[in-house]
Amino acid sequence: MDASRDLLKRLKAADESLSKERMSRAGSRRVARRISRELELRSGSQRMGWIPMLTFVAGAALVLLFLRWTTSDGLPSQSVQDQDPAMTVQVTGPACRSESNSTTTVWGACRLSTTGPSMTIDTIEASHLEVDGRVVHLRAGSALFDVDKVHGDPVRVAVPQGEIVVVGTRFRVIVKPDRSEVELYEGRLEFHDTAGRVTPILAGQHIAFGVPVASAPAPLQPVAAPPKPNPTPNLKPHSEPKPTAPALRAGRDRAAVKRTAPRKRASADQPSAEESDAGPVIAEAERLRRQGRYADAANILRKALERRWPTRTADVLSYELGRLLERRVRDKASACEHWARHLERFGNTRYRTRIERSLKTLACE
Amino acid sequence: MTTDSRKFALVEEEVDTRTRVRALYRRHRDEVYRLALRYGRGNPAWAEDIVQDVFVTLCRKIDGLEDDDDLGGWFYRVTHNCCLSRLRRQAVAESPAVRWLLGRRSVSDDDRRVEHRAGLHEVFAFVDALQPKQRLAFCMYHLDGMEQAEIGEVLGVSKSYVCKLIKKATSAIETWEGQDGR
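Residues numbered from 1 in each chain as written. Chains lettered and ligands numbered in written order. Predicted model: local features only at pLDDT ≥ 70, side-chain atom pairs only at ≥ 80, totals over all residues.

Chemist: Tell me about the overall build of chain B, and please be specific about residues and values.
Modeler: Broken down by element type, chain B carries nine helices and zero strands. Sequence-ordered secondary structure for chain B, helices as α and strands as β, is α-α-α-α-α-α-α-α-α. The buried share among the 182 residues of chain B stands at 30%. Of all intrachain contacts in chain B linking residues separated by at least 6 positions in sequence, the fraction that spans at least 24 positions is 60%. (Helix = DSSP H or I, 4+ residues; strand = E, 2+ residues; numbered from the N terminus. Buried ≥ 20, exposed ≤ 12 C-beta atoms within 10 Å, placed from the backbone. Contact = placed C-beta atoms within 7 Å.)

As structure tokens, then:
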């Protein structure tokens, strides 16, 4: 212990003797030189302070350019051109006649499945359709299109009055001698007429073009009766175009389209023109739904249902209201109550199975 | 602000920085040198290197330092950290494996010659037995009379760890004395 103390004393003495020492002149000059070099470097790096920023901006611009290059419509148009020769069309259907040259032409009830772009087209017996790359010519009859999301050039359905530009959607097109009709179930379409005017078509809308009354989108606008129904193996009997159905939002499955009631039933309960115009209601509800204002959309439909509608329209409006309450508003009690009232009011509604399933899912009493 | 005035401001700032560094160098170099000399066992070249490292750090950090009259603590801390880094590097360089790989003789041979010349060998010989951090904590505690908490702040460790370092250093000294027969 004493030795430790002694050692500490000696250490302190040595430290004190060291503290009297000063830096040598040469050493001091060397350090001073190094410090001034460091200061010069520092001011230099300050002057060049914009270089890292410029490098960053250049890098970011390059990345943006690359992204734009890979996602813009400009480049893919090249790849689309490369893609089109690789486009394959497969035609099936027992009552179908087809010819394949540079284009694929079909007559009758056919199912066409294409890759690049991926789409499925169902035609009826009296149809005549031609697939020419990304342009589909519907010469006559009716066809149901189911198009996956398209990158690059959109698919175009050419009709005598213009063409329908498709991005990714499900819709039916009917071509008649005097006019054409389109009924959109999902997604969004644009109708480009021969004069170059563009008319957007929203989900649930059914428009006719080639006649003065329906030159603009007219949801739920009653249109003339379609040609005589021709049951085909691909489409359910009596499933010929049923344009009067106010398809606010048809289901995602094909069955929803097939189950649309025949036109005869709707016309039996034909309301006055004023009463049948559910278009504004549907448009408003759709607008609110897109904005996420589900409760407001439900209120609009609720108020609309207080008015007098054809049974089918009322059925669809009421079904949409129920779906809103169940899936968007998520008000279980209201949904249960609504579905019960719906079944009571419409009895054998075409949505019965779905409603029963909903009642089971919601565990309604 | 025009380009000329911007340039002028930059030059003015540069001049100001140079003046500040010069003034701080004049004021603190001896203090830094003394501390470095202690941990460098009286080796002037080693201490000068430390002084250089400390003032290069000052040049890089001077924009963040405000009160030039109150930088004694900053210099004390930075000097200790520089010494610690250098001692660690030296410990690695002096390890047998590295010496064998690099084909070098012991680095401390030169230092020992310096210590003999200064008559410091006997005093500092036991310090060699300590690890760098222990060495710093021991010297700060016994020579500078610092509190354990203050030492912890300088070294960036907790007070309890400082206590442990000092205890280990003391026991190492006792062991060393026993082996040396003193």
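Back to the text.
Chemist: Give me the lowdown on the overall build of chain A, citing residues and values where you can.
Modeler: Scanning chain A from N- to C-terminus turns up twelve helices and 14 strands. The proportion of buried residues among the 365 residues of chain A is 35%. Counting contacts in chain A only where the partners sit at least 6 residues apart, residues at least 24 apart contribute 44% of the total.

Chemist: An account of helix H8 (residues 279-290) of chain A is requested, with residue identities and associated values reported.
Modeler: Residues and elements named next belong to chain A. Over its twelve residues, H8 extends 16 Å from the first C-alpha to the last, a length consistent with the 16 Å expected when each residue adds 1.5 Å. Contact partners of the buried residues in H8: helix H9 (294-305). Of the residues trailing H8, Gly292 is marked for its positive phi of about 85°. (Expected span 1.5 Å × (residues − 1).)

Chemist: Explain unusual backbone geometry to me, and be specific about the residues and the numbers.
Modeler: Residues and elements named next belong to chain A. We note that Arg330 has phi near 60°; this positive angle belongs to a residue other than glycine. Judged by C-beta crowding, with 11 C-beta atoms within 10 Å, Arg330 ranks as exposed. Even without being glycine, Ala363 reaches a positive phi, approximately 55°. A count of 8 C-beta atoms within 10 Å places Ala363 in the exposed class.

Chemist: I'd like to hear about the nonpolar core, residue by residue, with values.
Modeler: In terms of nonpolar packing, the biggest core is built from 43 residues, with Val32, Ala36, Ile50, Val51, Val54 and Ala137 of chain B touching the most fellow members. Elements with a minimum of two residues in this core: helix H1 (2-19) and helix H2 (25-47) of chain A together with helix H1 (3-39), helix H2 (44-61), helix H3 (72-93), helix H7 (132-142), helix H8 (148-155) and helix H9 (159-180) of chain B. Apart from residues no more than four positions distant in its own chain, Val32 of chain B is found in contact with Ile50, Val51, Val54, Phe75 and Thr79 of chain B. (Core = buried A, V, L, I, M, F, W, Y, C linked by C-beta atoms within 7 Å.)

Chemist: Go over the interface of chain B and chain A, please, and point to the residues and values.
Modeler: The interface of chain B with chain A comprises 29 residues on the first partner and 25 residues on the second. Every element with two or more residues in the side of chain B that touches chain A is listed here: H1, H2 and H9 of chain B. Sort the elements by how many residues they give to the side of chain B that touches chain A and H1 of chain B lands first, with twelve residues.

Chemist: I'd like to hear about the pairing of strand E14 (residues 206-209) of chain A, residue by residue, with values.
Modeler: Residues and elements named next belong to chain A. Residues His206 and Ala208 of E14 are buried on one face, and the alternating residues Ile207 and Phe209, pointing to the opposite face, are buried as well. Pairing analysis gives four bridges linking strand E11 (residues 180-186) to E14, with the strands arranged antiparallel. Within the sheet, the bridge partner assigned to Val182 lies in E14 and is Ile207. (Pairing = 2+ DSSP bridges.)

Chemist: Explain the environment of Arg27 of chain B to me, using residue names and the numbers behind them.
Modeler: Residues and elements named next belong to chain B. Looking at the element boundaries, Arg27 is found in helix H1. The partly exposed category is assigned to Arg27, around which 14 C-beta atoms lie within 10 Å. Remark: the alpha-carbon pair of Arg27 and Gly72, spanning 45 residues in sequence, is separated by 9.6 Å.

Chemist: I'd love a proper account of the pairing of strand E6 (residues 128-132) of chain A, names of residues and values included.
Modeler: Residues and elements named next belong to chain A. Only one face of E6 is buried: it carries Leu129 and Val131, and the other face, with His128, Glu130 and Asp132, is open. Summarising the sheet, strand E3 (residues 104-108) and E6 pair through four bridges and their orientation is antiparallel. Bridge pairing in E6 links Trp107 to His128. With five bridges joining them, E6 and strand E7 (residues 135-147) adopt antiparallel strand pairing. The residue of E7 that forms the bridge with Asp132 is Val135.

Chemist: Outline the confidence of the model for chain B, listing residues and values.
Modeler: Residues and elements named next belong to chain B. Residues at a pLDDT of 70 or more form 78% of chain B, whose mean pLDDT is 80. Within chain B, H2 carries the highest mean pLDDT (90), whereas helix H5 (residues 108-118) carries the lowest (52). Taken together, the chains of this predicted complex give a pTM of 0.41 and an interface ipTM of 0.74. (pLDDT = per-residue confidence, 0-100.)

Chemist: Let's hear about the packing of H9 of chain A against helix H10 (residues 311-329) of chain A: which residues, and what values?
Modeler: Residues and elements named next belong to chain A. At a minimum axis separation of 10 Å, H9 and H10 run at an interaxial angle of 155°. In terms of orientation, H9 lies roughly antiparallel with respect to H10. Between H9 and H10 lies a crossing of left-handed hand. Listed contacts from H10 to Tyr294, Ala295, Ala297, Ala298, Leu301, Arg302, Ala304 and Leu305 of H9 are Ala314, Leu317, Ser318, Glu320, Leu321, Leu324, Leu325, Arg328 and Val329. (Axes fitted to C-alpha atoms, helices over the stretch in contact; angles between N-to-C directions. Parallel < 35°, antiparallel > 145°, perpendicular 65-115°, else oblique. Left-handed = near helix turned anticlockwise from the far one by under 90°.)

Chemist: For the packing of H10 of chain A against helix H11 (residues 332-346) of chain A, give the residues involved together with the corresponding values.
Modeler: All names here are of chain A. Two elements in contact, H10 and H11, have axes whose closest approach is 9 Å; the angle formed by their N-to-C orientations is 160°. Taken together, the axis directions place H10 and H11 in an arrangement best described as roughly antiparallel. For the element pair H10 and H11, the recorded crossing hand is left-handed. Contacts between H10 and H11 involve Asp315, Ser318, Tyr319, Leu321, Gly322, Leu325 and Glu326 on the former and, on the latter, Ser334, Ala335, His338, Trp339, His342 and Phe346. For the contact of H10 with H11, the class distribution of residues is six nonpolar, five polar and two charged. (Nonpolar A, V, L, I, M, F, W, Y, C, P; charged D, E, K, R; others polar.)

Chemist: So what's going on with the confidence of the model for chain A? Which residues, and what values?
Modeler: All names here are of chain A. Summary statistics for chain A give a mean pLDDT of 72 and a share of 73% for residues scoring 70 or more. Below a pLDDT of 50 lies the segment residues 73-84, which in the model reaches 13 contacts outside its immediate sequence neighbourhood of four places, other chains included. Predicted confidence is poor over residues 212-275, with pLDDT under 50, and the contacts of this stretch with residues over four places away or in other chains come to 118 contacts.

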